[in-house]
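# Structural description and commentary
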Amino acid sequence: MGTYTPNLGLYKPDVGEVGWGDKVNENWDKIDEKVTALEGLKIVKEIVVDSDTDTVVLDELDINKHRFYILIISMISSGGYVHCYANDNFDNTDYVGRYTWEYNGYSSSGGRTGAVILDADVDAPTQIVCIITLDPAGHYMLRAEVVTTYAGFYTDARYTYRTKSTMDNLTKLVLKGSRSNSFRAGTKIVLLGVV
Amino acid sequence: MGKYTPRFSLYKPDIGEVNWGDKINRNFDIIDENLNPPGLLRVVKEVTVKEDTNIVELTDLDINTHKFYWMIINMFSGAKMYYCCINDLRDPDFYYHLHTWRYKGQASYGEADDPLLFISDPEAPVQVSAIITRSPNGYCLIRSEFITEHAGYFWDGEHVIRTVVTVDNITKIAIICEDYLGIKKGTKVVLLGVV
């Protein structure tokens, strides 16, 4: 005669026991019924750029399934802008937004278009953390918090956008630099979502 | 030939079946993958608003177990002022908040004795990210970052909220708007905590 586990009541046949098949099969039913795979924040995409490039594409996404995205970029700026476009919408005028830069005891802010999430010095070590959502109507909404260097000053920046247009789902993020080879080899990109 | 359970596809050998050892070992792999190790950030509560309302309550919480909460709100607003109350502390005098609002080329700062989580325009898309903690001496602290539209401008802002009374635990979070039915159908709230 075997024994039962204390929590789920799973049957453990004894050594040499026979006729335990049905009881062990009941174990699988108990496990299947009671084990809940809790959803949590997990890596959906991870890219390490292996050679300099202008564009990085994060595809096969599904924000309806993943709820929201946290995009973390660790890079060395090549100067110029980095855009974070939704799906294949490269119409800069569709992205309504604003920026705030704080550096050297000074703050500046204003309106911005084009889903720009970085404007930095050449060779600036840069951290970008974005929260990306779709509102219930389907507007792409992005908040980017940036640590970088601009005009020689250590800079804390924030970019926020929403699209004028709506979309049914966000399935692709396209990171595009305004200069050639904006993403240097070694750039690390991690995208998290609820899985 | 045995059968598979419906959710996790665990194999149940038939009576008299032979050579099922690998399949049973695969069962243990599946269980091992799906049983969740502790200490990960997971979805504790998730609400999708089915009908327009003026309150969303997240109940059966336990911040002492979950360590902290990270709340993401995607909404299409129907009001201007949205508040965040904990437990049954609904009187605004239980709270104090500071805010920074950025719009156009300017920033403004303010404070009040209430738990104002964010502001918006009716029919504006809203993204809110809020971190909620309980201090060791029992005060609830909330930091929200949001993007939206208000007064005809694209806005971003931060609100920090603190209770002026202490609580033993945070078991309920309520998002409340000032106007009747100002939380529109389709609004999504995801609450993550450590499980």
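Residues numbered from 1 in each chain as written. Chains lettered and ligands numbered in written order. Predicted model: local features only at pLDDT ≥ 70, side-chain atom pairs only at ≥ 80, totals over all residues.

### Description of the overall build of chain A
Filter applied, for reference: A helix here means a DSSP run of H or I that spans at least four residues, while a strand means a run of E at least two residues long, and both kinds are numbered starting from the N terminus. Our radius of gyration looks at C-alpha atoms and nothing else; its globule reference is 2.2 Å times the residue count to the power 0.38. The exposure label follows from counting other C-beta atoms within 10 Å of a residue's C-beta, where the C-beta atoms are placed from the backbone and the thresholds are 20 or more for buried and 12 or fewer for exposed, leaving partly exposed in between.
A tally of regular secondary structure across chain A gives 2 helices and 12 strands. Ordering the α and β elements of chain A from the N terminus gives β-β-α-β-β-α-β-β-β-β-β-β-β-β. Against the 2.2 N^0.38 benchmark of 16 Å for 195 residues, chain A shows a C-alpha radius of gyration of 24 Å, more extended than a compact globule. By principal-axis analysis of the C-alpha atoms, chain A measures approximately 75 × 35 × 35 Å. Looking at chain A residue by residue over its 195 residues, the buried ones come to 35%.

### Side note on the domain arrangement of chain A
In plain terms, the rule: Here the bounds of each domain stem from an automatic or database domain assignment.
When cut into domains, chain A gives domain 1 (3-34) and domain 2 (41-194). The straight-line distance from the C-alpha centre of domain 1 of chain A to that of domain 2 of chain A is 51 Å.

### Some words on the sheet that holds strand S3 (residues 41-48) of chain B
Residues and elements named next belong to chain B. Stated precisely, the cut-off is as follows: At least two bridges found by DSSP between two strands is the condition for calling them paired. To obtain an axis, a line is fitted to C-alpha atoms, over the contacting stretch when the element is a helix, and the angle between two such axes runs from 0 to 180 degrees between their N-to-C directions.
Here we have 8 strands laid out as an open sheet, ordered S3-S14-S5-S10-S11-S12-S7-S8, and antiparallel in their pairing. Strands at the two margins of the open sheet, each flanked by one partner only, are S3 and strand S8 (106-112). Between one strand axis and the next, the sheet turns by 15° as a mean value, whatever way the strands run. As paired strands, S3 and strand S14 (residues 188-194) are joined by 7 bridges and run antiparallel to one another. Across the sheet, Val47 pairs through a bridge with Val189, a residue of S14.

### Looking at the interface of chain A and chain B
Inclusion rule: Two residues qualify as being in contact provided that their C-beta atoms, derived from the backbone, are within 7 Å of each other. Put simply, Ala, Val, Leu, Ile, Met, Phe, Trp, Tyr, Cys and Pro go in the nonpolar bin, Asp, Glu, Lys and Arg in the charged bin, and everything else, Gly too, in the polar bin.
On the chain B side, the residues contacting the 33 residues of chain A number 39 residues. Where the side of chain A that touches chain B is concerned, the elements lending two or more residues are helix H1 (21-34), strand S6 (95-103), strand S7 (106-113), strand S8 (116-134), strand S9 (140-150) and strand S10 (153-163) of chain A. Residue contributions to the side of chain A that touches chain B peak at 6 residues, all from H1 of chain A. Classifying every residue of the side of chain A that touches chain B by side-chain character gives 14 nonpolar, 10 polar and 9 charged.

### Details of unusual backbone geometry
Positive phi, close to 50°, is recorded for Asn87 of chain A, a residue that is not glycine. Checked against the element boundaries, Asn87 of chain A lands in the loop between strand S5 (69-86) and S6. With 18 C-beta atoms counted inside 10 Å, the residue Asn87 of chain A sits in the partly exposed group. Look at Glu123 of chain B: it is not a glycine, yet its phi comes out positive at around 70°. Relative to the helices and strands, Glu123 of chain B resides in the loop between strand S9 (116-119) and strand S10 (125-134).

### With respect to the environment of Asp114 of chain B
All names here are of chain B. Looking at the secondary structure, you find Asp114 in the loop between S8 and S9. Classification of Asp114 as partly exposed rests on a count of 18 C-beta atoms within 10 Å. Between the C-alpha atom of Asp114 and that of Asp62, which follows or precedes it by 52 residues, the distance is 23 Å.

### Thoughts on the nonpolar core
The test is simple: Nonpolar core, as used here: buried Ala, Val, Leu, Ile, Met, Phe, Trp, Tyr and Cys residues forming one set through C-beta atoms within 7 Å.
Among the nonpolar cores identified, the biggest contains 88 residues, and Ile117, Cys130 and Leu142 of chain A together with Leu117 of chain B are the most heavily contacted of them. Among the elements that line this core, the one with the most residues is S8 of chain A, at 9 residues. The residues touching Leu142 of chain A, leaving out its near neighbours within four places in the chain, are Cys84, Ala115, Cys130, Ile132, Thr160 and Tyr161 of chain A.

### Quick notes on the domain arrangement of chain B
For chain B, the assigned domains are domain 1 (3-34) and domain 2 (41-194). On a C-alpha basis, the centroid separation for the pair domain 1 of chain B and domain 2 of chain B is 45 Å.

### Description of the sheet that holds strand S6 (residues 81-86) of chain B
All names here are of chain B. Read across the sheet, 4 strands follow the order S4-S13-S6-S9 without closing on themselves; strand pairing throughout is antiparallel. If you trace the sheet from one side to the other, it starts and ends with strand S4 (55-58) and S9, each paired once. Strand-to-strand twist of the sheet, defined as the mean angle between neighbouring strand axes without regard to direction, takes the value 15°. Inspection of the sheet shows S4 paired to strand S13 (residues 173-177) by 4 bridges, in the antiparallel sense. Looking across to S13, one finds that Val56 is bridged to Ile175.

### Observations regarding the environment of Gly16 of chain B
Along the chain, Gly16 of chain B falls in the loop between strand S2 (11-12) and helix H1 (21-34). A sequence separation of 15 residues divides Gly16 of chain B from Met1 of chain B, and the C-alpha atoms of the two residues are 9.5 Å apart.

### Description of H1 of chain B
Counted only if it meets this: Here a helix's expected span is defined as the number of its residues, less one, multiplied by 1.5 Å.
Over its 14 residues, H1 of chain B runs 20 Å from end to end, which matches the ideal 20 Å to within 8%, given 1.5 Å per residue. Little of H1 of chain B sits out of view: just 1 of its 14 residues are buried.

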